[in-house]
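Architecture and fold: a report
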Amino acid sequence: MRLAGKRVLITGTAGGQGEAAQEAFAREGARVIGCDIQPGAAERTAKVLRDKGFDVTGDTVDLGDADAAGNWIEESAERLGGLDVLYNNAAGFGFAPFEDMTLDLWRHVLHVELDIVFHTTQPAWKHLARSGHGSIINTASMSGIRGIAPLGQAAHAAAKGGVIALTKTLAAEGAEAGIRANAISPGFVKTPATDAAVGDELRAFQLGMHLIRRPGLGSDIAPLAVYLASDESSWVTGQNFSVDGGVSAGFR
Ligand SMILES: NC(=O)c1ccc[n+]([C@@H]2O[C@H](COP(=O)([O-])OP(=O)(O)OC[C@H]3O[C@@H](n4cnc5c(N)ncnc54)[C@H](O)[C@@H]3O)[C@@H](O)[C@H]2O)c1
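Criteria and thresholds
- Residues numbered from 1 in each chain as written.
- Predicted model: local features only at pLDDT ≥ 70, side-chain atom pairs only at ≥ 80, totals over all residues.
- Heavy atoms only, no water.
- Helix = DSSP H or I, 4+ residues; strand = E, 2+ residues; numbered from the N terminus.
- Areas by Shrake-Rupley, 256 points an atom, 1.4 Å probe, with all protein chains shown as cover.
- Lys, Arg positive; Asp, Glu negative; His and termini not counted.
- Charge placed at Lys NZ, Arg CZ, Asp CG, Glu CD.
- Pairing = 2+ DSSP bridges.
- Axes fitted to C-alpha atoms, helices over the stretch in contact; angles between N-to-C directions.
- Contact = heavy atoms within 4.5 Å.
- Near = heavy atom within 4 Å.
- Polar contact = N/O pair within 3.5 Å; in protein donor to acceptor, adjacent residues only side chain to side chain.
- Nonpolar A, V, L, I, M, F, W, Y, C, P; charged D, E, K, R; others polar.
- Phe/Tyr/Trp six-rings, centres within 6.5 Å; stacked < 30°, edge-to-face > 60°.
- Core = buried A, V, L, I, M, F, W, Y, C linked by side-chain atoms within 4.5 Å.
- Buried < 20%, exposed > 50% of the residue type's maximum accessible area, 1.4 Å probe, protein only.
- Salt bridge = Lys/Arg side-chain N within 4 Å of Asp/Glu carboxyl O.

**Observations concerning the overall build of the protein**
Scanning the protein from terminus to terminus reveals eight helices and seven strands. The principal-axis extents of the C-alpha atoms in the protein amount to approximately 50 × 35 × 35 Å. Of the roughly 11400 Å² of accessible surface on the protein, a fraction of 56% belongs to carbon and sulfur atoms. For the protein, the separation between the mean place of its 22 positive charges and that of its 29 negative charges on side chains is 6 Å.

And the structure:
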């Protein structure tokens, strides 16, 4: 029980990495509230775990709406009696080659990938400080550390690079209050979203970049998130960890 009694919020728990993390955290003894923009979806994944006896609930929230995000943080902290861990996993997406990128798409992607991290983290900050050992886990991406031409990732890369830079500053500003902040940068992960949005050709291209030629799974990412949430990582802050089949390391 590496997270026994930890009060945890995880965003984007309808499926993919957020759902996998929710289960891994619950199995380690955390009390978890998840959320997702897809109506009823976070409630559904939480109920599966609650039926197995875990302390997990889920809410429908659009974190792109700053007020809704703030209300969710406040209500959740009240329900849990405080907050120890905020795992900012949720993100929308949008891709276009830079030549064709409109200002609207650029702003949209920064909103749904970077602004939403601010929308949750800012109101959560005081609760994490009160905990005395708060941990923020942000999901960035290999695209935040590596330029990749064929997928039209300029806005996505800028947003995820922003998440990595923000994480370091949160670590610096949070240290005195005992708040740690770290980022996880996944490579290509098989999720409901990538199953729907990535065709065969793009999938083959993506996998061809990875040293380990299989897509990642939510269960490849969740163990690192558990570690970063736990007191085992109490001397670890301001870092960006790649869990990416080696894509950030080299090619073959
Ligand atoms: N799948 C990949 O290949 C990959 C690679 C690198 C980074 N990531 C990042 O990993 C994280 C998790 O994504 P995933 O891979 O599990 O894919 P996913 O799209 O299945 O999960 C993201 C979840 O966030 C939810 N969400 C999106 N916008 C939201 C909002 N405004 N409010 C509330 N919920 C919202 C979605 O509905 C979805 O359930 C994301 O931050 C994503 O950018 C994914």
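**So, the sheet that holds strand β7 (residues 240–243)**
Consider a sheet: its strands pair through backbone hydrogen bonds, and that pairing is either parallel or antiparallel. Taking strand neighbours across the sheet as the criterion, the seven strands line up as β3-β2-β1-β4-β5-β6-β7 in an open arrangement whose pairing is parallel. Single-partner strands in this sheet number two, and they are β3 (56–60) and β7. Strand-to-strand twist across the sheet, computed as the mean angle between neighbouring axes with direction ignored, equals 15°. Pairing geometry for strand β4 (residues 85–88) and strand β5 (residues 135–139), over four bridges, is parallel. In the strand pairing of β5, V85 is matched with S135. Across the face of the sheet, helix α1 (residues 16–27) comes into contact with β1 (7–11), β2 (31–36), β3, β4, β5 and β6 (180–186) while running at roughly 165° to β1.

**Notes on the environment of L63**
Relative to the elements of secondary structure, L63 occurs in the loop between β3 and α3 (66–80). Through-space distance from the C-alpha of L63 to that of M142 is 23 Å; in sequence the pair is 79 residues apart. Those residues within four positions of L63 in sequence are excluded, and the remaining contacts are T11, C35, A69, W72, A90, I116, H119 and T120.

**Quick look at the site of the ligand**
Q17, D36, L63, N89 and V189 are the nearest of the 26 residues found near the ligand. For the ligand, an oxygen atom lies 2.6 Å from a polar atom in the side chain of D36. In the model, an oxygen atom of the ligand is placed 3.0 Å from a nitrogen or oxygen of the K160 side chain. The protein chains hide 90% of the 820 Å² of surface that the ligand would expose on its own. Mapped onto the shell around the ligand, the elements with two or more residues apiece are α1 and α6 (192–197). Here the residues of the shell around the ligand sort into eleven nonpolar, twelve polar and three charged.

**Focus: the packing of aromatic side chains**
The full count for this structure, using the stated rule, is two aromatic pairs. Seen from their ring centres, F93 and F95 are 6.1 Å apart, and the 25° between their planes marks the pair as stacked.

**Some words on the nonpolar core**
Buried together is how nonpolar side chains tend to be arranged in soluble globular proteins. F25, Y87, I137 and I184 are the most contacted members of the largest nonpolar core, which has 24 residues in total. The element contributing the most residues to this core is helix α8 (residues 218–229), with six residues. Apart from the residues within four sequence positions on either side, I137 is in contact with F25, V85, L86, Y87, N88, N182, I184, A225, L228 and A229. A69, W72, L128 and L170 belong to the second-largest nonpolar core, a separate cluster that totals 20 residues.

**Concerning the side chain of K160**
Within the secondary structure layout, K160 lies in helix α5 (residues 154–174). Despite its burial, K160 pairs with no opposite charge, the nearest such side chain being E113 at 4.2 Å. Setting aside residues no more than four positions away along its own chain, K160 makes contact with A91, E113, T139, A140, S141 and G144.

**A word on the environment of T60**
Mapped onto the fold, T60 is located in strand β3. Each C-alpha atom, one on T60 and one on T11, is 10 Å from the other, the two residues being 49 residues apart in sequence. In this structure T60 touches D36, I37, Q38, P39, G40 and E43, once residues within four positions along its chain are discounted. Side-chain polar atoms of T60 contact the side chain of E43, separated by 2.9 Å.

**A closer look at the side chain of T167**
Considering the arrangement of structural elements, one finds T167 in helix α5. A polar side-chain atom of T167 sits 3.0 Å from a polar atom in the side chain of N138.

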